[in-house]
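Here is how the chains run, residue by residue.
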Amino acid sequence: MIGRTRAELAAGAIDWRAITPPEWAAVDQEIAAALATRGVAPPREKEYLRPDGTRVRLLLAGATLDAAGTTGVTVAVDVTERAQAERRAAGLQQLTAALNAARTADAVADAILEAGGAALGADAVAVVRVAADDPTQLEVVRARGWPEGVLDPWQRFPLVAPDGGPLPPAQDSVMSAALRTGRPVWVSSPEDARAAYPALAELVAATGFGGLLAIPFVLGGESSRDLASGEPSEVPI
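Calculation rules
Residues numbered from 1 in each chain as written. Predicted model: local features only at pLDDT ≥ 70, side-chain atom pairs only at ≥ 80, totals over all residues. Heavy atoms only, no water. Core = buried A, V, L, I, M, F, W, Y, C linked by side-chain atoms within 4.5 Å. Buried < 20%, exposed > 50% of the residue type's maximum accessible area, 1.4 Å probe, protein only. Helix = DSSP H or I, 4+ residues; strand = E, 2+ residues; numbered from the N terminus. Contact = heavy atoms within 4.5 Å. Phe/Tyr/Trp six-rings, centres within 6.5 Å; stacked < 30°, edge-to-face > 60°. Salt bridge = Lys/Arg side-chain N within 4 Å of Asp/Glu carboxyl O. Polar contact = N/O pair within 3.5 Å; in protein donor to acceptor, adjacent residues only side chain to side chain. Pairing = 2+ DSSP bridges. Axes fitted to C-alpha atoms, helices over the stretch in contact; angles between N-to-C directions. Expected span 1.5 Å × (residues − 1). Arc of directions from axis to C-beta.

Thoughts on the nonpolar core
Turning to step 1, where the next piece is worked out: Core analysis: the biggest nonpolar cluster contains 27 residues, and W146, W154, V174, V185, Y197, L200 and L203 have the highest contact counts within it.
Turning to step 2, where the next piece is worked out: Of all the secondary structure elements, the ones that give two or more residues to this core are strand 4 (124-130), strand 5 (137-144), helix 5 (174-181), strand 7 (185-187), helix 7 (201-207) and strand 8 (211-219).
Turning to step 3, where the next piece is worked out: Looking at this core, the element that brings in the most residues is helix 5, giving five residues.
Turning to step 4, where the next piece is worked out: Excluding anything up to four places from it in sequence, V185 contacts V174, A177, A178, Y197, L212, L213 and A214.
Turning to step 5, where the next piece is worked out: By size, the runner-up hydrophobic cluster in this structure holds 12 residues, among which are I2, I14, W24 and A34.

Re the packing of aromatic side chains
Remark: the centre distance and the inter-plane angle together describe each pair of aromatic rings, the angle taken between the planes.
Turning to step 1, where the next piece is worked out: Counting across every chain of the model gives three aromatic pairs.
Turning to step 2, where the next piece is worked out: Where W154 meets F157, the ring centres are 5.1 Å apart and the plane angle is 70°; that geometry is what we call edge-to-face. Pair check on accessibility: W154 and F157 agree, each one buried.

Re the environment of L138
Turning to step 1, where the next piece is worked out: Looking at the secondary structure, you find L138 in strand 5.
Turning to step 2, where the next piece is worked out: Classification of L138 by relative accessible area gives buried; the value is 0%.
Turning to step 3, where the next piece is worked out: In sequence terms L138 and Q155 are 17 residues apart; their C-alpha atoms lie 8.1 Å from each other.
Turning to step 4, where the next piece is worked out: If we skip the residues at most four places from it in the chain, L138 touches V128, R129, V130, A131, Q155, R156, F157, L159, M175, S176 and L179.

With respect to the pattern of salt bridges
Turning to step 1, where the next piece is worked out: Counting across every chain of the model gives 15 salt bridges.
Turning to step 2, where the next piece is worked out: Put simply, R82 and E45 hold a salt bridge, and the shortest N to O gap is 2.5 Å. With R82 in helix 3 (residues 80-101) and E45 in strand 1 (residues 40-49), this residue pair connects regions lying 37 residues apart in the sequence.
Turning to step 3, where the next piece is worked out: Note that R55 and E47 form a salt bridge whose closest N and O atoms lie 2.9 Å from each other.
Turning to step 4, where the next piece is worked out: Put simply, E23, E45, E47, R55, R57, R82 and E86 are held in one network by salt bridges that share partners.

A closer look at the side chain of K46
Turning to step 1, where the next piece is worked out: Structurally, the position occupied by K46 is in strand 1.
Turning to step 2, where the next piece is worked out: Residue classification places K46 among the buried positions, given a relative accessible area of 0%.
Turning to step 3, where the next piece is worked out: Side-chain polar atoms of K46 contact the side chain of D28, separated by 2.7 Å.

Observations regarding the sheet that holds strand 3 (residues 72-78)
Turning to step 1, where the next piece is worked out: Spatial strand order, 1-2-3: three strands in an open sheet with antiparallel pairing. If you trace the sheet from one side to the other, it starts and ends with strand 1 and strand 3, each paired once. Adjacent strand axes in the sheet meet at a mean angle of 25°, parallel and antiparallel pairs treated alike.
Turning to step 2, where the next piece is worked out: Seen against the sheet, helix 2 (residues 25-38) touches strand 1 and strand 2 (55-64) and runs at an angle of roughly 155° to strand 1.

A closer look at helix 3
Turning to step 1, where the next piece is worked out: Look at helix 3: 32 Å from first C-alpha to last across 22 residues, which is about the 32 Å you get at 1.5 Å a residue.
Turning to step 2, where the next piece is worked out: Within helix 3, the full set of buried residues consists of T80, A83, G91 and L95. In an axial view of helix 3, the angular spread of the buried residues amounts to 115°, which keeps them on one side of the axis. Residues of helix 3 that are exposed and point more than 90 degrees away from the buried face comprise E81, Q93 and N100.

What to know about the side chain of S176
Turning to step 1, where the next piece is worked out: With respect to the helices and strands, the residue S176 is situated in helix 5.
Turning to step 2, where the next piece is worked out: On the accessibility criterion, S176 (0% relative accessible area) is buried.
Turning to step 3, where the next piece is worked out: A distance of 3.0 Å separates a polar atom in the side chain of S176 from a polar atom in the side chain of S173.
Turning to step 4, where the next piece is worked out: Apart from residues lying up to four places away in sequence, S176 is in contact with L138, F157, P158, L159 and L167.

Pasting the structure below:
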């Protein structure tokens, strides 16, 4: 669970304080105090750092087995997925509140940029809209988290063909597809992104993102908004 080996544990090579994020140190102190005074530590949650820098959330409970408190037993349950789901649910609530409070197109874009990426756990977010002077085109109005220059070729790109017909696969994108269908489009890996949307091949290669998600928004029934985001790891967006 914590990314260490049994051999490291047997050799005493795991420093539990060193792999505990600072904000969780107080929980360690509370557990130690409970074991010292009562011999039992009730269930508590805390996080540990894995060697790759990711975190694991554990539910811990323990008890000492002798009067001296030199031996004991600890039960650990991995609750990382539940904790991630709770964080995302809270983020989506914040996004909903921000969108409900927005009264203009600019405020909606700002809400998506600020709260949308956090809600989805995305490393980068872009907000695009249908171009005012050409309904067959989309344009980027807000962006955050993208490597410098990556979005330059995407400041303006096609929603549909010039005659209003479908785009050829070589020109299509998740953003355009989401706006046309009115449904989220999620591409879960770089390989799938390149296969389904060849036009995105350079963007995917330049960012290293694990995938792409595009979510269409409608403001006042008149203009569409799209959230495109990317992240490189376990929940590819």
